[in-house]
Amino acid sequence: MQKINIQRCSSENKDFRELIRLLDTELDTRYGTLQKEYNQYNQIEYLETVVVAYDEEKSVGCGCFKKLDDQSVEMKRVFVQSDYRGKGFASAILEELERWAKEKGFLYSILETGVKQHEAISLYQKKGYVITDNFGQYVGNQNSICMKKAL
């Protein structure tokens with residue numbers, strides 16, 4: 001069984017930066033030129049609310065959240081390397097992000113994922129997220145699925 005270690009950090013963490021690079025490569029492969037539309041929404045300049053998941057000493061996944069409004073956070077950049085999927089890392093990342101958002105007084109978590117990310121949609125539904133109207137820059141975008149959960 002994998003030893004899952006989740007560490008809170010900022011977006012300056014070198015492991016987080018490398019994982020984001022891998023995520024971007026995967027999304028480019030999956031969505032092609034369509035992904036270029038989304039890249040503007042995925043920029044992380046600086047966030048203090050980042051987690052990195054480790055299997056022993058190896059960084060294998062990450063995620064972060066940012067304040068959307070006084071009650072809600074938006075989960076961003078949730079990713080687990082392919083060799084580590086299906087082993088509980090994504091659930092552990094999401095649970096830690098939700099716990100942290102709740103500690104900060106937020107009531108809701110929302111997120112956007114792509115229609116081709118079936119494994120992500122399944123994970124979020126398993127963790128209690130429900131599909132909601134697209135928000136913000138995703139309104140009217142047929143390739144986006146937005147989800148929400150009460151914390």
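Rules used in this analysis
- Residues numbered from 1 in each chain as written.
- Predicted model: local features only at pLDDT ≥ 70, side-chain atom pairs only at ≥ 80, totals over all residues.
- Heavy atoms only, no water.
- Core = buried A, V, L, I, M, F, W, Y, C linked by side-chain atoms within 4.5 Å.
- Buried < 20%, exposed > 50% of the residue type's maximum accessible area, 1.4 Å probe, protein only.
- Helix = DSSP H or I, 4+ residues; strand = E, 2+ residues; numbered from the N terminus.
- Contact = heavy atoms within 4.5 Å.
- Phe/Tyr/Trp six-rings, centres within 6.5 Å; stacked < 30°, edge-to-face > 60°.
- Lys NZ or Arg CZ within 6 Å of the ring centre and 35° of its normal.
- Pairing = 2+ DSSP bridges.
- Axes fitted to C-alpha atoms, helices over the stretch in contact; angles between N-to-C directions.
- pLDDT = per-residue confidence, 0-100.
- Polar contact = N/O pair within 3.5 Å; in protein donor to acceptor, adjacent residues only side chain to side chain.

Asks: Hey, could you run me through the nonpolar core in this one?
Replies: For soluble globular proteins, the rule of thumb is that nonpolar side chains tend to be buried together. Within the largest apolar cluster, 24 residues are counted, with the highest numbers of intra-cluster contacts made by F65, M75, I93, L97, Y124 and Y129. At the level of elements, β2 (50-55), β3 (58-67), β4 (72-80), α3 (89-103), α4 (118-126) and β7 (144-150) are the ones that each hand at least two residues to this core. It is α3 that provides the largest number of residues to this core, a total of six residues. Dropping the residues within four chain positions of it, F65 is found in contact with L47, T49, V73, E74, M75, K76, L97, W100, A101 and K104. I20, L23, L47 and F79 belong to the second-largest nonpolar core, a separate cluster that totals 13 residues.

Asks: Would you mind showing me how to read the packing of aromatic side chains here?
Replies: Any pair of aromatic rings gets described here by the distance separating the centres and the angle formed by the planes. Tallied over the full model, the rule gives four aromatic pairs. Ring centres 5.4 Å apart and planes at 80° place the aromatic pair F135 and Y138 in the edge-to-face group. Y138 matches F135 in its accessibility class, with the two residues each being buried. Sitting above the plane of the Y84 ring, K87 keeps its charged end 5.7 Å from the centroid.

Asks: What am I meant to see in the sheet that holds strand β1 (residues 4-9) here?
Replies: To summarise the sheet geometry, strands pair through backbone hydrogen bonds and adopt either a parallel or an antiparallel arrangement. Across the sheet, seven strands lie side by side as β1-β2-β3-β4-β5-β7-β6; this open sheet has mixed pairing. The sheet terminates laterally at β1 and β6 (130-132), the two strands that pair on one side only. When strand polarity is set aside, the average angle formed by the axes of neighbouring strands in this sheet is 30°. Sheet analysis places β3 next to β4, joined by six bridges and oriented antiparallel. By the bridge assignment for β4, K67 is matched with V73. Against the sheet, α4 contacts β4, β5 (108-114), β6 and β7, and its axis sits at roughly 160° relative to β5.

Asks: I'm lost on the confidence of the model for the chain in this one. Help?
Replies: Interpretation of this model should avoid reading the predicted coordinates in detail wherever pLDDT is low. For the chain, mean pLDDT is 90; residues scoring 70 or higher make up 89% of the total. Put simply, helix α2 (residues 34-39) is where the chain has its lowest mean pLDDT, 51, and α3 is where it has its highest, 98.

Asks: Hey, could you run me through the environment of Q137 in this one?
Replies: Mapped onto the elements of the fold, Q137 is located in the loop between β6 and β7. Residue Q137 is classed as partly exposed on the basis of its relative accessible area of 33%. A polar contact of 3.3 Å, which involves the side chain of Q137, links it to the side chain of Y138.

Asks: What's the story with the pairing of β2 in this structure? I'm lost.
Replies: For a regular strand, the rule is simple: side chains alternate between the two faces of the sheet. Counting buried positions over the six residues of β2 gives six, a clear majority of the element. Every second residue of β2 is oriented toward a common face, with V50, V52 and Y54 on one face and V51, A53 and D55 on the other, all of them buried. Relative to β2, β1 runs antiparallel, the two being bridged by six bridges. Opposite I4, over in β2, you have D55 as the bridge partner.

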